[in-house]
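Remarks on the overall topology
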Amino acid sequence: MAQTAPPDAALTAAVTEIAAEMAAETERGTVATYIPQLACVDPNQFGLAVVTASGAVISAGDAEVAFSIQSVSKVFTLTLALGALGDDLWQRVGREPSGDPFNSIIQLEAERGRPRNPFINAGAIAVTDALLGKGEPVEAVAGILHFLRGSAADERIAIDEAVARSERSTGFRNFALANFMRDWRIVQNDPARTLDVYFQQCAIAMSCRQLAMAGRYLAWDGRTGPGAARVISAERARRINALMLTCGHYDGSGEFAFRVGLPGKSGVGGGILAVVPGVASIAVWSPGLNAVGNSQLGSLALERLAARMGWSVFADG
Ligand code: GLU
């Protein structure tokens, strides 16, 4: 898609207006409570950050506040696992939307333990297991953090250990998914070791600014900006974007593609990373979720931003 970059003034106005509109919204969704530590988060927060082709970061609201990125981490572990295993990774995980809730177990039995896609919990656990390989969890976690700090150009990115502990002590369903996949040898490590990495990757805390910066390589065909250093191949960036568009919002993926028209990945912490290929990397955060687990205001804000800026992967430029 060849879109021209909008003048930053128009974008700044849109970002500022949308943050003000979101502050006035009363229907804010419900904060996730199944991870007890996430239930403590104040739902009256909203942040938005957009990185443009010039490298400028345009932000509003609570864009500097770190939040639990949760499933947004799955984009980055997929990137790393594809780098480590190449296309062999697809033997362990599919590329189809699931149409089921993010933590569903039902398809796994029917489909011989191979998860539908890398962004539902089962698929992400399989990807994390592949990334762990025969290594140590502490090394895998360090590798994920290293990648994120490098992509975001920010060494402060860290794990919220309280969130990781909270999820580890209550993640019974994820243990069930991992054990079931271990039986099919889709997961090849001791499930506890794989989940040790998975719970920590989900507990990484980042601000909208950091997340939008980290996502730049998806917006610029595998580079952190036009003509900048290559992180991954253009083909791989395009394919990750395709999966984000079709599978990035659980069983709300079709609705998000319909309303927003951009590749995106959401997490139950209320964050969403979205990309406008060739134009912008966007991170939005508001902790209240809609019925399918996607940020209520985050989705609405992205819908409005895309509409006002004329951004869509289906636009003619
Ligand atoms: N850590 C969360 C879980 O496994 C991630 C869920 C999500 O953000 O979709 O339940």
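Please refer to the structure higher up on the page.
Now for a look at the structure at hand.

Regular strands show a simple pattern: their side chains alternate between the two faces of the sheet. For strand E8 (residues 271–276), a buried count of six out of six residues is recorded, marking the element as mostly surrounded by other parts of the structure. By the alternation rule, side chains of E8 split into Gly271, Leu273 and Val275 and Ile272, Ala274 and Val276, which are all buried. In terms of strand pairing, strand E7 (residues 264–266) meets E8 through three bridges, oriented antiparallel. When the bridges of E8 are listed, Lys265 appears paired with Leu273. Following E7, the chain reverses through four residues before pairing antiparallel with E8; Gly270 in that reversal takes a positive phi of roughly 100 degrees.

Spatially, E4-E6-E5 is the arrangement adopted by the three strands of the open sheet, whose pairing is antiparallel. Because the sheet does not close on itself, it has two edges, and the strands there are strand E4 (67–68) and strand E5 (158–159). Pairing analysis gives two bridges linking E5 to strand E6 (residues 204–206), with the strands arranged antiparallel. Its bridge partner being in E6, Ile159 is matched across the sheet by Ile204.

This part covers the site of the ligand. Near the ligand the following residues occur: Tyr34, Gln70, Ser71, Phe102, Asn121, Glu167, Asn174, Tyr198, Cys202, Tyr250, Gly267 and Val268. At 2.5 Å, a side-chain N or O of Ser71 approaches an oxygen atom of the ligand. Protein chains bury 100% of the 290 Å² of accessible surface belonging to the ligand in isolation. Of the pockets mapped on this structure, the ligand occupies the second largest cavity. Residues of the shell around the ligand, tallied by class, amount to six nonpolar, five polar and one charged.

On to the environment of Asp42. Of note, Asp42 is situated in the loop between strand E1 (30–31) and strand E2 (47–52). Take Asp42: its relative accessible area is 37%, and that puts it in the partly exposed class. Considered as a pair, Asp42 and Pro287 are 245 residues apart in the sequence and their alpha carbons are 7.5 Å apart. At 2.8 Å, the side chain of Asp42 and the backbone nitrogen of Asn44 are in polar contact.

With that settled, consider the side chain of Ser98. Here Ser98 shows up in the loop between helix H2 (73–85) and helix H3 (106–110). With residues up to four places along the chain from it excluded, the contact list for Ser98 reads Gln107, Arg116, Asn117 and Ile120.

One pass over the full model with this rule turns up two cavities of 30 Å³ or more. There is about 80 Å³ of room inside the largest cavity. Contributing to the lining of the largest cavity are Ser98, Asp100, Pro101, Ser104, Gln107, Leu108, Glu111, Arg114, Pro115, Arg116, Ile120 and Ala122. For the lining of the largest cavity, the per-class residue count stands at five nonpolar, three polar and four charged. Empty space within the second largest cavity amounts to approximately 40 Å³.

Cut-offs used in this document
Residues numbered from 1 in each chain as written. Predicted model: local features only at pLDDT ≥ 70, side-chain atom pairs only at ≥ 80, totals over all residues. Heavy atoms only, no water. Buried < 20%, exposed > 50% of the residue type's maximum accessible area, 1.4 Å probe, protein only. Helix = DSSP H or I, 4+ residues; strand = E, 2+ residues; numbered from the N terminus. Pairing = 2+ DSSP bridges. Near = heavy atom within 4 Å. Polar contact = N/O pair within 3.5 Å; in protein donor to acceptor, adjacent residues only side chain to side chain. Areas by Shrake-Rupley, 256 points an atom, 1.4 Å probe, with all protein chains shown as cover. 1 Å grid on protein atoms, 1.4 Å probe; cavity = no way out; pocket = protein on both sides within 12 Å on 5 of 7 lines; lining within 4 Å. Sits in = over half its atoms within 2 Å of the grid points. Nonpolar A, V, L, I, M, F, W, Y, C, P; charged D, E, K, R; others polar. Contact = heavy atoms within 4.5 Å. Points joined across faces, edges and corners; volume = space filled by probe spheres on them.

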